Structures are given as C-alpha cells and as structure tokens.
Amino acid sequence: MYSIKMNHVTKTYKSKNGPFTAVNDVTLQIEKGKITALLGPNGSGKTTLIKMICGLASIDQGTIFVNDIDVKKKRKKAVHQIGCMLEGERNIYYYLTVFDNLKYFGLLNLIPKQTLHHRIQQILKLLGLEEKKKEYAANLSRGMQQKLALALVLLKDPDILLLDEPTLGLDVQSSNDLLTMLRKMALNGKTILLTSHQLDLVEKISDRIIFIKNGTIIEDLQSKEKEQDNQQYVYLDLNIPNQQVLQELEHLIYMERENERIWKTPLAHLPEILQYLKDQQVTVKNLTTQRKSLEQIFLELVGDSND
Ligand SMILES: Nc1ncnc2c1ncn2[C@@H]1O[C@H](COP(=O)(O)OP(=O)(O)OP(=O)(O)O)[C@@H](O)[C@H]1O
C-alpha cells in the first residue's frame, strides 16, 4: 500500500540564467508505514520534491497522489494528510512560550479543546520538552527550536510526515531519540519521508534509501535488501557467457548499480552456487564478503555534484 505516488513529476524554476529543472521526471511510490530517506548532494532537488508533495511548490508536469488524493486537484484535502517540516524553516512563534505555541497551533488546526491539552502533554513528553514548556521559543537553543517545530508538526497527528533534515542541529542523543521515535511512529503505521546528509543515521533507521542527483533518482535501495542485511552475504563479480543461465537461481541475487553489476548470495548457499557457476562455465572474477558502506555507494554514485 502506497501513501505517496508520484508519476513523471518535473519542476522547473525560473532563474537568471534561464529555466532550471530541479526535479526531472521522477516516478516514485512511497510505502505506508515505512521510513524512506532521500539522500543527495546540496541542490539535488530533495526539498523541491518534498515541497511539491505538501503543496508548497507547484507541480509543473506529472501527478502526485497523497493517500490517493490528487495534490494538484485537491490540494487542501491532500495537504491535510501531511505534516511537513522544512529545513531551516521553523514555523514557530518566537515570542510565545513552548506551551502556547502548541496551544495556538492546536486551535488553528481545529483540535478539540478537550483533547488538546492531553495531546500537548504527550508530545512534550515524547520530545523531552516538558521542562521547557514555559520558556519563550526565542530563548530555546537551536536544537530545542527544532524539536518544537517537530512538536507542532506532530500535534495534528498526520498520517504522513515529510521531514527535511530533521536531525539538523540536534546533538547525538537528541538525534538518536528522535530517530527512535520516528521508528516507533512508522511501526504504528505512519509514513515518514525524510531527507538527511547524515548517512549513518539514515542507514540505521530507514527501510529504503533513495539517492537523488540533479533532480533524478539514481539509486533506490529497497527495504527488501535492507531486511536481508542481517544475513551474511558473499558478493560476486561474474563473467557470464549468457545472462540467461543465472535467472532461475533462487539464492543468487542480482544488484544493479550505475557502475557495477554484482551478484550476492547468502554465505550458507555459496558452495552450491559456486558449483552451479562452474557447471555453467561462469567465471568468478571477484568474491568478497565486504559490502560497500552506504557512504561509499553515496560517494561513488553522486560523485561531484557538478558533473
Ligand atoms: N524558488 C527557487 N527558485 C529558483 N531555483 C530554486 C528555487 N528553489 C530551489 N531552487 C534550485 O533548485 C535546485 C534544487 O534545490 P533543492 O532545495 O530542492 O535541493 P536540495 O537537494 O534540497 O538541497 P540541500 O541538500 O542543499 O537542501 C537548486 O539548484 C536550487 O538552487
């Protein structure tokens, strides 16, 4: 089941040097109840993508559906499904206290007064902001302000969370707490799409990682592969006379990337796979148990963002 469906989405901005395509023909489905991360260098189009999903930037070409609601045609209804926190933009009132910020946003979002107070307490607790509830937002540290911004997003209990760099400015402990909280929310069925530059954190919590470069998806590491990561794999670089021979092998998984063609097999199945390859006159050029780190993949795929 998909919470977000994007079909051939393109966004072109006007700039001094002429039109600039920030998102280029992106087709993507985001699964419900999963954490999906968008990774890419500065200016690769991540924020633009998020802004289009939550109705803050127009969609030039293509369609976006949020919980099957067309963002172009029914923007208000679609946006209602979403809680969006954009990088660097903290929609908080600096001269209201933490509590009053939450109360104000709650009333603005028509949360009934009877439930609002309880909900505010829950969220303050969740984000470790209880002690700061009487503090003016202006006097909070940057990380605390980030938490408050997130608290406001969570207040209306949206089905889908779009979080642009949610851990930016948070200390290690707060980042980890936040990620743990997001994981729990996903387990409870929330769909979370986030962007981050912190590869290690993303690797820890995401079910799926999508790499973006120049407004295009260049790599999509699906959750299936990630779930299997706990198994020990052997990675094989093969010289195959005929691709056909490998297609029916259950335990030999093909992994296609921009610059490499690699196969992997669970360690337990290696002997039978090697025997089969030998029988089929397939040469093993390289065999390793080392999987590339996400950082290596990222650097290899994204490379110089200007190329
Ligand atoms: N309103 C705008 N007008 C013109 N160009 C824009 C506008 N917003 C973004 N861009 C350009 O579109 C490209 C993609 O920007 P975007 O903010 O989506 O990237 P990003 O991947 O989120 O980057 P970062 O990691 O730095 O946040 C950039 O080249 C940016 O300069």
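Computed from a predicted model, the values in this text were never measured in an experiment.

(A) Representation of the nonpolar core in the model. Core analysis: the largest hydrophobic core is formed by 45 residues, its most contacted members being Leu102, Leu182, Ile192 and Leu194. It is helix 5 (residues 142-155) that provides the largest number of residues to this core, a total of eight residues. If sequence neighbours within four positions are ignored, Leu182 has contacts with Ile35, Leu161, Leu163, Ile192 and Leu194. Listed in part, the 27 residues of the second largest apolar core include Leu28, Ile30, Val66 and Ile69.

(B) Region of interest: the site of the ligand. Close to the ligand lie 14 residues, the nearest being Asn42, Gly43, Lys46, Thr47 and Thr48. Asn42 is positioned with one of its side-chain polar atoms (N or O) 2.8 Å from an oxygen atom of the ligand. Take Ser44: an N or O atom from its main chain is 3.1 Å from an oxygen atom of the ligand. When isolated, the ligand has an accessible area of 640 Å², and the protein chains bury 64% of it. Of all the elements in the fold, those that place two or more residues in the shell around the ligand are strand 1 (2-15), strand 2 (18-31) and helix 1 (46-53). A per-element tally of the shell around the ligand places helix 1 first, with three residues. Looking at the shell around the ligand, its residues break down into four nonpolar, seven polar and three charged.

(C) Here's a closer look at the packing of helix 3 (residues 98-108) against helix 5. Where helix 3 meets helix 5, the closest approach of the two axes is 10 Å, and the angle between their N-to-C directions is 30°. Judged on the interaxial angle alone, helix 5 and helix 3 are roughly parallel. Where helix 3 crosses over helix 5, the handedness of that crossing is right-handed. Across from Val98, Asn101, Leu102, Phe105 and Gly106 in helix 3, the residues of helix 5 making contact are Leu148, Ala151, Leu152 and Leu155. When grouped by side-chain class, the residues that make up the contact of helix 3 with helix 5 number seven nonpolar, two polar and no charged.

(D) Seen up close, the sheet that holds strand 5 (residues 69-70). Taken in spatial order, the four strands line up as 2-1-4-5 in an open sheet, and their pairing is antiparallel. The open sheet has two edge strands, strand 2 and strand 5, and neither has a second partner. Relative to strand 5, strand 4 (residues 61-66) is paired through two bridges, and the arrangement is antiparallel. Bridge pairing in strand 5 links Val66 to Ile69. Those strands touched by helix 1 are strand 1, strand 2 and strand 4, and its axis lies near 120° from that of strand 1.

Rules used throughout
Residues numbered from 1 in each chain as written. Predicted model: local features only at pLDDT ≥ 70, side-chain atom pairs only at ≥ 80, totals over all residues. Heavy atoms only, no water. Core = buried A, V, L, I, M, F, W, Y, C linked by side-chain atoms within 4.5 Å. Buried < 20%, exposed > 50% of the residue type's maximum accessible area, 1.4 Å probe, protein only. Helix = DSSP H or I, 4+ residues; strand = E, 2+ residues; numbered from the N terminus. Contact = heavy atoms within 4.5 Å. Near = heavy atom within 4 Å. Polar contact = N/O pair within 3.5 Å; in protein donor to acceptor, adjacent residues only side chain to side chain. Areas by Shrake-Rupley, 256 points an atom, 1.4 Å probe, with all protein chains shown as cover. Nonpolar A, V, L, I, M, F, W, Y, C, P; charged D, E, K, R; others polar. Axes fitted to C-alpha atoms, helices over the stretch in contact; angles between N-to-C directions. Parallel < 35°, antiparallel > 145°, perpendicular 65-115°, else oblique. Left-handed = near helix turned anticlockwise from the far one by under 90°. Pairing = 2+ DSSP bridges.

As far as function goes, none of this settles anything; it's purely spatial.
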